[in-house]
Amino acid sequence: MKKIMLTLLIFALIFASVPSQAFAVNTATHGKITGKTVCFGLSSLIIWPGIGQYLNGNETKKNWTHAAIGLFPPFRLWSGWDALIARQGGRWDGKI
């Protein structure tokens, strides 16, 4: 248990010392939550991640990124949320 806590502390100190310029630039803009975006978010959550981004009119690279990464359970929730709030752009060249 002590080794795990020490490891987590070391990682926290490393990430705290990384300058903010090292992270990807956030280019995201949020839209309004409407009935349409609620349906898009649910479709991205239930049917397939990336569908909601496609219906919201995002770029193709973001749609494919969400479709691939969204296969993992935590990212599926994030993909649904992203479609719900109609977020355009994002980090890593607008892919996430």
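The preceding data block contains the structure.
What counts, and where the lines are drawn
- Residues numbered from 1 in each chain as written.
- Predicted model: local features only at pLDDT ≥ 70, side-chain atom pairs only at ≥ 80, totals over all residues.
- Heavy atoms only, no water.
- Helix = DSSP H or I, 4+ residues; strand = E, 2+ residues; numbered from the N terminus.
- Rg over C-alpha atoms; globule rule 2.2 N^0.38 Å.
- Contact = heavy atoms within 4.5 Å.
- Expected span 1.5 Å × (residues − 1).
- Buried < 20%, exposed > 50% of the residue type's maximum accessible area, 1.4 Å probe, protein only.
- Phe/Tyr/Trp six-rings, centres within 6.5 Å; stacked < 30°, edge-to-face > 60°.

### Topic: the overall build of the protein
When its secondary structure is counted, the protein shows 6 helices and 0 strands. The order of helices and strands in the protein, counted from the N terminus, is α-α-α-α-α-α. The globule rule puts the C-alpha radius of gyration for 96 residues at 12 Å, and the 16 Å found for the protein is more than 25% above it. Projected onto the principal axes, the alpha-carbon positions of the protein cover approximately 50 × 30 × 20 Å. Within the protein, contacts between residues at least 6 apart in sequence are counted, and of these 66% link residues at least 24 apart.

### Topic: helix H5 (residues 73–84)
With 12 residues, H5 should reach 16 Å at 1.5 Å per residue; the first-to-last C-alpha distance of 17 Å fits that figure. Buried within H5 are the following residues: Arg-76, Ser-79, Gly-80, Asp-82, Ala-83 and Leu-84. Structurally, H5 contributes buried residues whose contacts are with helix H2 (35–46), helix H3 (51–55) and helix H4 (60–69). Where H5 terminates, the next one or two residues include Ala-86, which has phi positive at roughly 55 degrees.

### Concerning the packing of aromatic side chains
One pass over the structure, following the stated rule, counts 1 aromatic pair. Where Phe-75 meets Trp-78, the ring centres are 6.0 Å apart and the plane angle is 80 degrees; that geometry is what we call edge-to-face. Here Phe-75 pairs with Trp-78, and both are found in helix H5, just 3 residues apart, close to one helical turn. Overall, the relative accessible area of 23% leaves Trp-78 in the partly exposed class.

By themselves these figures say nothing about function.
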